[in-house]
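Commentary on secondary and tertiary structure
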Amino acid sequence: MPNNLKELEDRLWAAADQLRANSHLKAGEYSVPVLGLIFLRFAEVRFAQADAELQAAFVGRRRGITRADYQARRVLFLPGRARWTHLLHLPEGEDLGKALNEAMSDIERENDDLKGVLPKSYNLFDNSLLVELLKTFNAIPVDVEGDAFGKIYEYFLGKFAMGEGQRGGEFFTPTSIVKLIVEMIQPYEGLIYDPACGSGGMFVQSADFVRRHQGGTLVIHGQERVEETVRLCKMNLAVHGLGGSVIQGNSYYSDPFEAVGKFDYVMANPPFNVDGINKEELAKRSDRFPFGMPKNDNGNTIWIQLFYSSLAVGGKAGFVMANSASDARQSELEIRRQLIQAGAVEAMVAVGSNMFYTVTLPCTLWFLRRFDFANAPLSARPQQILFIDARGIYTQIDRAHREWTEAQIGLIASLARLYRGEDLNGFVFDPAQFPNFTESQVSLLHSAFSTLHYKDVPGLCKAATLAEVEAQGWSLNPGRYVGVAEKNAETVDFAVQLEELNEELEALNAEARVLEEKIAENFVQILKNTNA
């Protein structure tokens, strides 16, 4: 086995991608069945381990081993012809596509949670391609440690999402974004909900957080509009040894979990700037949308209210949102004002461009909490919001993509923990990991982390009072509050400065295009009304 899981992931991906390049299949036809093979390999390893334990435990017993005995160990029961070893050693010339389709159907029949979930399009693959894919994934060692299968599955999900562009962004949120959301809201135990759950990355990383911090039980609830993506999510959960309730449906109109006031944690990466929503229908549910409907045709503030209303008292939400929602005017501003005055907004994190596979534009992470107004005096109500500008914190993966390292995630999350007065979970600030920080920023951060007392750091973070937020027109744009870092005496890196200016220009151009479209729509409507 390679010394490094990353080495194994890279080797498996290179082999699988090369096989696809030499086939007649499109990326969309190839991705889900390949993920299904990773799932099947995982299921076989877990089944074989449980089978060995059960065979030893049942020596001398009258009762034979049943499906229920495997499932009691949280292991999927695999009928004989659905086992990896059986499929790998089928006679040459056997129709492997048909055999794999039958194997997936057999697994669904024996495991109720997976009914209708597994791929059954292996008949589209040439036999020789399937043989090579089985050999490729057979290289995953049976004694692989930890959650390696789940990590391999997530790695392939990310690679496929990167290759599929816009559609990829619908089912996959980059792992470093998800990890930061999880580290910020710290889901130790309780009920967790993602109403736009995609392939389930929020659940997977939350479960990993619980494992690392020896937390309690997380009860998973998810809803996703696209049926194929629901299947990806259920496979992802199964590969990670997780279970939960994931339902296909449109979260604007469908409330299958009766979510209002229910969940300890809400996490999501919803679609931005959705139009065509039936707001008249939604307005009937003031409990779900307590701050009213926006007058413009944009779903951002509808999502934000849905996340907030789903929180139980003391609950926390973290989600990705379009930058425009932080500064939008008119009816959206009014909704934002009510949210802020309700003490709901705890922190805002500005994210730079190129962190997502589908769009180059920057975005914002919102962090909300449900405050107990009924039982708290006015003096105890939140009077500040933490703003973090993380646009300058990133690691370049390739020309078009960036991510956060564990150290970068740790710093951002630890700023929030300092602000709350919480334990830092072992984080140690190492300025060598942040070469772009100025001397004054490093000095302030050293002081904050050594004394365990939060400090505002110009150009990075600011705890703004509600009066300051009101003075800024209830804007939640971190850039308005954190200020500018004091430059070092040495010359400023021109390339970095130019890139920062270009990011701002891209964001402004995108907002301008949205405004142009709205103006054009309004102009057409005015003409229609005039001629009517």
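Reference entry: report on the structure contained in this document. Note that this is a predicted model, so its numbers are computed, not measured.

1. A look at the overall build of the protein
- Helix and strand counts for the protein stand at 19 helices and eleven strands.
- Of all 532 residues assigned to the protein, the portion counted as buried reaches 49%.
- Counted over contacts in the protein with a minimum sequence separation of 6, partners at least 24 positions apart contribute 72%.

2. Points about the packing of aromatic side chains
- With the rule as written, the count across this model stands at 26 aromatic pairs.
- Between Tyr30 and Phe125, the ring centres sit 5.8 Å apart and the planes meet at 20°, which makes this aromatic pair stacked. With Tyr30 in helix H2 (residues 27-57) and Phe125 in the loop between helix H5 (96-110) and helix H6 (127-137), this pair connects stretches of sequence that are 95 residues apart.
- An angle of 65° between the planes, with centres 6.3 Å apart, marks the rings of Tyr155 and Phe156 as edge-to-face.
- Looking at Tyr155, the relative accessible area reads 16%, which means it is buried.
- In this structure an aromatic cluster arises from ring pairing among Trp13, Tyr30, Tyr122, Phe125, Phe137, Tyr155, Phe156 and Phe160.
- One residue, Arg370, lies across the ring of Tyr308, its end atom 4.7 Å from the ring centre.

3. Side note on the environment of Glu470
- Inspection of the secondary structure assignment puts Glu470 in helix H18 (residues 466-471).
- Since its relative accessible area comes to 47%, Glu470 is described here as partly exposed.
- With 130 residues separating them in the primary sequence, Glu470 and Ile340 have C-alpha atoms 9.4 Å apart.

4. Topic: unusual backbone geometry
- Residue Gln214 is not a glycine yet carries a positive backbone phi of 55°.
- Of note in the backbone geometry, Glu258 takes a positive phi value of approximately 45° without being a glycine.

5. A closer look at the sheet that holds strand E4 (residues 263-268)
- Strand order in this open sheet of nine strands is E3-E2-E1-E4-E5-E7-E6-E8-E11, and the pairing throughout is mixed. Looking along the sheet, the strands with just one partner apiece sit at the ends: strand E3 (245-248) and strand E11 (461-465). Adjacent strand axes in the sheet meet at a mean angle of 15°, parallel and antiparallel pairs treated alike.
- With four bridges joining them, strand E2 (residues 218-224) and E3 adopt parallel strand pairing. Among the inter-strand pairings, Gly222 is bridged to a residue of E3, identified as Val246.
- Each of E4, strand E5 (311-322), strand E6 (345-351) and strand E7 (363-369) touches helix H9 (residues 175-185); the most contacted strand, E5, lies at about 155° to it.
- Contacts between helix H15 (residues 330-341) and the sheet are confined to E6, E7 and strand E8 (384-389), with E7 contributing the most and set at about 45° to the helix.

6. What about the packing of helix H13 (residues 300-309) against H15?
- Their axes nearest at 10 Å, the elements H13 and H15 cross at an angle of 20°. Of the possible angle classes, the one that applies to H13 and H15 is roughly parallel. The two elements H13 and H15 cross, and the hand of that crossing is left-handed. Of the residues in H15, those touching H13 at Thr301, Ile304, Gln305 and Tyr308 are Glu332, Ile335 and Leu339.
- For the contact of H13 with H15, a count of residues per class yields four nonpolar, two polar and one charged.

7. A word on the pattern of salt bridges
- Inspection of every chain in the model, using the stated rule, returns 26 salt bridges.
- Here Arg81 makes a salt bridge to Glu102, at a shortest N to O gap of 3.4 Å. Taken together, the residues span a long stretch of sequence, with Arg81 in the loop between helix H3 (67-72) and helix H4 (84-88) and Glu102 in helix H5 at a distance of 21 residues.
- Given the relative accessible area of 40%, Arg81 is considered partly exposed.
- We classify Glu102 as partly exposed; its relative accessible area is 27%.
- Close ionic contact of Lys179 with Glu406 constitutes a salt bridge, the shortest N to O distance being 2.7 Å. Of the two residues, Lys179 sits in helix H9 while Glu406 sits in helix H16 (residues 406-420), which places them 227 residues apart along the sequence.
- Lys179 gets classed as partly exposed once you look at its relative accessible area, which sits at 26%.
- In this structure Glu406 comes out as exposed when scored by relative accessible area, which is 53%.
- It is possible to trace a salt-bridge network through shared partners that takes in Glu183, Asp208, Arg211, Arg212 and Arg417.

8. Structural notes on H13
- Of all ten residues in H13, ten are buried; the element is thus mostly enclosed.
- In this structure, the buried side of H13 is in contact with E4, helix H12 (279-282), E5, helix H14 (324-327), H15 and E7.

9. Remarks on the environment of Val351
- Relative to the helices and strands, Val351 is located in strand E6.
- A residue is classified by how much of its surface remains accessible, and Val351, at 0% relative accessible area, is buried.
- Measuring from C-alpha to C-alpha, the distance between Val351 and Leu365 comes to 7.2 Å, with 14 residues separating the pair along the chain.
- When near neighbours in sequence (up to four residues on either side) are disregarded, Val351 contacts Ile177, Pro362, Cys363, Leu365, Arg391 and Trp404.

10. Notes on the state of the cysteines
- Summed over all chains, the structure comprises zero disulfides.
- Summary of cysteine pairing: Cys197 is not part of a disulfide, and the nearest cysteine sulfur, belonging to Cys233, is at 4.2 Å.

11. Examining the pairing of strand E9 (residues 395-398)
- Two strands pair when backbone bridges link them, and E9 and strand E10 (residues 401-403) are joined in this way by three bridges, in the antiparallel orientation. Bridge pairing links Gln396 to Arg402 in E10.
- A loop of two residues connects E9 with E10, the two strands running antiparallel in sequence.

12. Thoughts on the packing of H9 against helix H10 (residues 201-212)
- Between H9 and H10, the shortest axis-to-axis distance is 9 Å and the interhelical angle comes to 50°. The angle between H9 and H10 falls in the class oblique. When the axes of H9 and H10 are compared, the crossing they make is right-handed. Contacts between H9 and H10 involve Thr175, Val178, Lys179, Ile181, Val182 and Glu183 on the former and, on the latter, Gly201, Met202, Gln205, Ser206, Phe209 and Arg212.
- Taken together, the residues of the contact of H9 with H10 sort by class into five nonpolar, four polar and three charged.

Definitions and cut-offs
- Numbering of residues starts from 1 in each chain and follows the order in which that chain's sequence is written.
- Per-residue local features are limited, in this predicted model, to residues with pLDDT of at least 70; the limit for side-chain atom pairs, both in listing and counting, is 80 or more; totals at the level of whole chains, interfaces and linings are taken over all residues.
- For side-chain calculations, the full set of non-hydrogen atoms in the structure is used, while hydrogens and water are omitted.
- Helix and strand definitions here come from DSSP, where helices need a minimum of 4 consecutive H or I residues and strands a minimum of 2 consecutive E residues; each element is numbered from the N-terminal end.
- In this scheme, a residue with accessible area under 20% of its type's maximum is buried, one over 50% is exposed, and one in between is partly exposed, where area comes from a 1.4 Å probe on protein chains only.
- Contacts are residue-level and defined by heavy atoms, with any inter-residue pair within 4.5 Å sufficient.
- Each aromatic pair joins two rings of Phe, Tyr and Trp (for Trp, the six-membered one) with centres within 6.5 Å, and gets the label stacked for planes under 30 degrees apart, edge-to-face for over 60, and tilted for any other angle.
- Comment: the charge-over-ring label is applied if NZ (Lys) or CZ (Arg) is within 6 Å of the ring centre and within 35 degrees of the ring normal.
- Any two strands between which DSSP finds at least two bridges are classified as paired.
- To obtain each axis, a line is fitted to C-alpha atoms, and for helices this fit is confined to the stretch in contact; angles are then taken between N-to-C directions over 0 to 180 degrees.
- Throughout, the term roughly parallel applies to angles under 35 degrees, roughly antiparallel to angles over 145, roughly perpendicular to angles from 65 to 115, and oblique to all others.
- Crossings are classed by handedness, with left-handed meaning an anticlockwise turn of the near helix from the far one by less than a right angle and right-handed meaning a clockwise turn.
- Three classes are used, and their members are as follows: Ala, Val, Leu, Ile, Met, Phe, Trp, Tyr, Cys and Pro are nonpolar, Asp, Glu, Lys and Arg are charged, and the others, Gly among them, are polar.
- A side-chain nitrogen of Lys or Arg and a carboxyl oxygen of Asp or Glu constitute a salt bridge if their distance falls within 4 Å.
- Defined by distance alone, a disulfide is two cysteine sulfur atoms within 2.5 Å.

Take it as geometry only, folks, not as evidence of what the structure does.
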